[in-house]
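# Reading the structure
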Amino acid sequence: MSSTARPRYVLAVDVGGTKVEAALVDDHGVVLGASRRRAATGASASSEQLAAWVTSVVTQARAALPVDAALIGVGIGCAGPIHLSDGAVSPLNLPVWREYPLKELVAALVPDLPVRLRMDGLCITLAEHWVGAGKGVDNLMGMIVSTGIGGGLILGGVTASGPTGNAGHIGHIEVGGFDDPCACGGVGCIEAIASGPKTVAWARRQGFTGESGEDLAQAYATADPVAVAAVARSGRALGQAIASAATLLDLDLVAIGGGFSNVTGDLLVFAREAIAQRVQFAYATRVRVVASALSGDGPLIGAAALIHRAELVP
């Protein structure tokens, strides 16, 4: 096999509030399953523990590189906010990391390779545009609805990161009619209303006895009234936030992934109903809201796209 025909992989890293994951992803956006490594994170972890877990999954994933393959770079997606200029991160759900030099940590493990860092919401958007529900769409927003809520933007066919790397962070857009306090300091942020843990917490205040998003999904499937009200509330808030984004940015598509987005397909139905209320703004209500086409692979595929599809990431 000639050197030009060698398989080309990117080492993709995804850092979030509950886990860090790494894997090798080829230039067709396919995750090499045998390379996938994962460790729990969590708000109670120390900075040293988080760094050790990142080091572990990156090292193990890299060691799985096939002998006939080339490793061409590393892409990192991380919960925000991030600090693009120096490669540092301050994930809201990981309070011990404030301006932590994540890019520097990873780069030291893979000397002589390019390393790129972006917010996880931007990575999921890149993945949807490359191989997912957003193929062929040049004005879209990707969203993660999970432990937190993140987002990213592709406008005019290229990513929009902003000068600090945090453009598209829709989780901290406030929506009208809600007074839920948010860890960021805002009131009525979509993350404080419609993320998985916050939706479950609201349901529990109404008498729900379950403890997780899975419990809520099961209760919703049996038409439990509190579970239905909780999902409807979160879906409405999501729709209001998306309608505002579509009004501002003239979006064609919003692709939504993340664990809690799977609580029921009706979550997106409720969101679409809220968007449809903007009756005088047809350019905004035309936005299509769809489920991610990438299952749990989206964040890793998107992190890899930072290298494989570098032309889209100015």
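Cut-offs and rules
Residues numbered from 1 in each chain as written. Predicted model: local features only at pLDDT ≥ 70, side-chain atom pairs only at ≥ 80, totals over all residues. Heavy atoms only, no water. 1 Å grid on protein atoms, 1.4 Å probe; cavity = no way out; pocket = protein on both sides within 12 Å on 5 of 7 lines; lining within 4 Å. Points joined across faces, edges and corners; volume = space filled by probe spheres on them. Helix = DSSP H or I, 4+ residues; strand = E, 2+ residues; numbered from the N terminus. Domains from an automatic or database assignment. Nonpolar A, V, L, I, M, F, W, Y, C, P; charged D, E, K, R; others polar. Contact = heavy atoms within 4.5 Å. Buried area = accessible area lost by both parts, 1.4 Å probe. Salt bridge = Lys/Arg side-chain N within 4 Å of Asp/Glu carboxyl O. Polar contact = N/O pair within 3.5 Å; in protein donor to acceptor, adjacent residues only side chain to side chain. Phe/Tyr/Trp six-rings, centres within 6.5 Å; stacked < 30°, edge-to-face > 60°. Buried < 20%, exposed > 50% of the residue type's maximum accessible area, 1.4 Å probe, protein only. Expected span 1.5 Å × (residues − 1). Pairing = 2+ DSSP bridges. Core = buried A, V, L, I, M, F, W, Y, C linked by side-chain atoms within 4.5 Å.

In this section: the layout of surface pockets. A volume near 770 Å³ is recorded for the largest pocket. Elements represented by at least two residues in the lining of the largest pocket include exactly β1 (8-15), β2 (19-26), α3 (120-131), β9 (149-155) and β11 (253-257). Here the lining of the largest pocket gathers at least three residues from each of two domains, domain 1 (8-120 + 307-311) and domain 2 (133-291). If you add up the space inside the second largest pocket, you get close to 260 Å³. Taken together, the elements giving at least two residues each to the lining of the second largest pocket come down to α5 (196-205) and α6 (213-221). Partitioning the lining of the second largest pocket into residue classes produces 5 nonpolar, 7 polar and 2 charged.

Attention shifts here to the domain arrangement of the chain. Each assigned domain of the chain is listed with its residue range as follows: domain 1 (8-120 + 307-311) and domain 2 (133-291). Placing a centre on the C-alpha atoms of domain 1 and another on those of domain 2 gives a separation of 26 Å. With 12 residues of domain 1 at the interface, the matching set in domain 2 holds 18 residues. Together domain 1 and domain 2 conceal approximately 950 Å² of surface at their shared face, both sides included; 58% is due to carbon and sulfur atoms. Broken down residue by residue, the surface that domain 1 buries against domain 2 is led by L84, L92 and M119, which jointly contribute 48%. Here domain 1 and domain 2 share 0 salt bridges between them. There are 3 residue pairs in polar contact (both at pLDDT 80 or more) connecting domain 1 and domain 2. For the side of domain 1 that touches domain 2, the secondary structure elements donating two or more residues are β5 (82-83) and β7 (115-119). For the side of domain 1 that touches domain 2, a count of residues per class yields 5 nonpolar, 4 polar and 3 charged.

Tallying each qualifying case throughout the model produces 2 aromatic pairs. Ring geometry for W97 against Y100: centres 4.2 Å apart, planes inclined by 5°, an arrangement best described as stacked. With a centroid separation of 6.1 Å and an interplanar angle of 70°, the aromatic rings of F281 and Y283 are classed as edge-to-face. Its relative accessible area of 40% is what places F281 among the partly exposed residues.

Our focus in this paragraph is α3. Side chains that are three or four residues apart share a direction in an α-helix, a result of its 3.6 residues per turn. Look at α3: 17 Å from first C-alpha to last across 12 residues, which is about the 16 Å you get at 1.5 Å a residue. For α3, the tally of buried residues reaches 11 of 12 residues, placing the bulk of the element in the interior. Taken together, the buried positions of α3 are D120, G121, L122, C123, I124, T125, L126, A127, E128, H129 and W130.

So, on to the pairing of β11. Counting buried positions over the 5 residues of β11 gives 5, a clear majority of the element. Here β11 shows a buried face lined by L253, A255 and G257 and a second buried face lined by V254 and I256. In this sheet, β11 lies alongside strand β8 (residues 140-145) in parallel orientation, the contact comprising 5 bridges. For I144, the partnering residue across the bridge sits in β11 and is G257.

Residues M141, M143, L216, L238, I242 and V254 are the most contacted members of the largest nonpolar core, which totals 42 residues. If you list the elements that add at least two residues to this core, you get β8, β9, α4 (190-194), α5, α6, α7 (225-249), β11 and α8 (266-275). Ranked by the residues each element gives to this core, the list is headed by α7, at 11 residues. Setting aside its immediate chain neighbours within four residues, M141 contacts T125, G152, L153, I170, I242, A245, L251, L253, V254 and A255. Counting residues in each nonpolar core, the second largest holds 32 residues, with V54, L71, L105 and V106 among its members.

In the segment running from G80 into P81, the intervening peptide bond is cis, with an omega of 5°. Backbone geometry at E99 places phi at a positive 55°, although glycine is not the residue there. As for its placement among the helices and strands, E99 is situated in the loop between β6 (88-89) and α2 (102-109). Here E99 falls in the exposed class, since its relative accessible area comes to 54%. Not every positive phi belongs to a glycine, and D112 is a case in point at roughly 75°. Position of D112 among the secondary structure elements: in the loop between α2 and β7.

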